[in-house]
Amino acid sequence: MSTDKGGHRGRRHRRKLQIAKRAAPGAAPGTLVADPEAAPTRVSALSYNAEGLHEQTSCKPADIARLRRPGHVLWVNIDGLADIALIEEVGRVFGLHQLSLEDVVNVHQRPKTETFDDHSFVIVRMLHRDGWPERGIETEQISLFIGEGFLLTFQEQPGDCFDPVRDRLRRGKGRLRQMGADYLAYALIDAVIDGYFPALEEIGEAVETLEDEVIAQPEPDQVDRLHRIKRELLTLRRAIWPTREMVNALIRDDSAHIGQTTRLYLRDCYDHAIQLMDIVETYREIAASLLDVYLSSLSARMNEIMKVLTIIATIFIPLSFLAGLWGMNFDTASPWNMPELKWAIGYPVALVVMLAVGVGLLAWFWRKGWIGGRKQK
């Protein structure tokens, strides 16, 4: 994961489970309305073939048109979605459908793919786990347009998980520089999907730690941590499940923009998505059962406490009886009226009797297996 650029990552707020569309109800299809909190738009481009690579960190739509050359693959990355006019201009340069651009700006979309005459449109959700678990896991919409010799990517914020792909392009090693725009799109999708594994590893460790704590010492704060983990797993599931279907559609659908060689590599992405779903579902089942474990552990702990208190109360019942008996202070004139009150050793004898009663009860409880870990008979 690359570092924050321009400080926008720190200002990202956690979204609710669903957000409303930005366009007003009844607006014409394809109406683009910028999010008031959208990051400033910045365009960068990278053009390459097997022989060389040209990179431009800041460019305008007119520069993009000049970078499109036969025999080269052009990767244009747009960070930030605040400048609607610039986004529409880029769309006109590449002939993008207006409805697709509307989906780019309305960043609540689920992962999907659509095929047009001269390009394919793909949406994936990139994971951000900065500051987890305090701030929770967030996903960011990445929109890709795959065409003949070009790839466009739109991101909500600067900073992504594509730096390893950029480094491979700059070094010129491997098959990335030898292949077309569809293979570059596969590499980016693969990077997004692989980015979920470290987050799931952290969540798995948190689940295992919480499970040990719940069994050993149930505490009220564990319920809050458990619900946060379940919420994060739900976020991951909502991103991974449609991603699996999207990758499967790219493999299965007959699109002229995805070559057969790239489809073979997309099968690996599909396998990774299935693996992620299996892990998420496993952790969700464990998290769901942890609440029952917590309640059972709490009940067992309460039963232990009640058992100890009951044993203490049971021991003191005969002791209280003896203390009350000897504390009645009847007149000793009659031989039936507690003659032991006149004994010189009456008080020590009373204490010894009470101690013997208490020890005898403890020994009996132990033999019955109620204390000390012996099996009950």
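On a predicted model such as this, the values are computed, not experimentally measured, just so you know.

Caption draft 1: Local environment of the side chain of His 128. The topology assignment puts His 128 in strand β5 (residues 119-128). Taking relative accessible area as the criterion, His 128 reaches 2% and is therefore assigned buried. Engagement of the side chain of His 128 in a polar contact is seen with the side chain of Glu 140, the distance being 2.7 Å.

Caption draft 2: Examining the pattern of salt bridges more closely. Following the criterion strictly, the structure yields 16 salt bridges and no others. In this structure, Asp 160 engages Arg 166 in a salt bridge whose closest nitrogen and oxygen atoms are separated by 2.9 Å. Exposure class is identical for Asp 160 and Arg 166. Each is buried. The salt bridge involving Arg 284 is made with Glu 281; its shortest N-O contact spans 3.9 Å. Pair noted here: Arg 284 and Glu 281 are both in helix α8 (residues 260-326), with a separation of three residues, about one helical turn. In this structure Arg 284 comes out as partly exposed when scored by relative accessible area, which is 30%. Among the ionic contacts, a cluster of salt bridges with common partners joins Glu 55, Asp 167 and Arg 170.

Caption draft 3: Summary view of the packing of aromatic side chains. If you walk through the whole model with that rule in mind, you get seven aromatic pairs. Plain terms: the ring middles of Phe 94 and Phe 150 are 4.7 Å apart, the flat faces sit at 40° to each other, and that makes the pair tilted. One end of the pair, Phe 94, is in helix α2 (residues 84-94); the other, Phe 150, is in strand β7 (residues 150-155), with 56 residues separating them in the sequence. Among the aromatic side chains, those forming a connected cluster through ring pairs are Phe 121, Phe 145 and Phe 154. Arg 237 extends its terminal NZ or CZ atom over the ring of Trp 241, reaching a point 4.8 Å from the ring centre. We note Arg 244 situated over the ring of Trp 241; from NZ or CZ to the ring centre the distance is 4.5 Å.

Caption draft 4: View of the sheet that holds strand β1 (residues 42-48). Strand order in the open sheet formed by seven strands is β2-β1-β3-β7-β6-β5-β4, with mixed pairing between adjacent strands. Each of the sheet's edge strands pairs with one partner strand only, and the pair in question is β2 (53-56) and β4 (112-115). Each strand of the sheet is rotated relative to its neighbour by a mean of 15°, with strand direction disregarded.

Caption draft 5: How the structure looks around the pairing of β5. Taken across its 10 residues, β5 has 10 buried, putting it largely inside the fold. Summarising the sheet, β4 and β5 pair through four bridges and their orientation is antiparallel. Within the sheet, the bridge partner assigned to Glu 114 lies in β5 and is Phe 121. In sequence, β4 turns back onto β5 through a hairpin of three residues. Of the pairings in the sheet, the one linking β5 to strand β6 (residues 138-147) comprises 10 bridges and is antiparallel in character. Directly across from His 119, in β6, lies its bridge partner Gly 147.

Analysis parameters
Residues numbered from 1 in each chain as written. Predicted model: local features only at pLDDT ≥ 70, side-chain atom pairs only at ≥ 80, totals over all residues. Heavy atoms only, no water. Helix = DSSP H or I, 4+ residues; strand = E, 2+ residues; numbered from the N terminus. Buried < 20%, exposed > 50% of the residue type's maximum accessible area, 1.4 Å probe, protein only. Polar contact = N/O pair within 3.5 Å; in protein donor to acceptor, adjacent residues only side chain to side chain. Salt bridge = Lys/Arg side-chain N within 4 Å of Asp/Glu carboxyl O. Phe/Tyr/Trp six-rings, centres within 6.5 Å; stacked < 30°, edge-to-face > 60°. Lys NZ or Arg CZ within 6 Å of the ring centre and 35° of its normal. Pairing = 2+ DSSP bridges. Axes fitted to C-alpha atoms, helices over the stretch in contact; angles between N-to-C directions.

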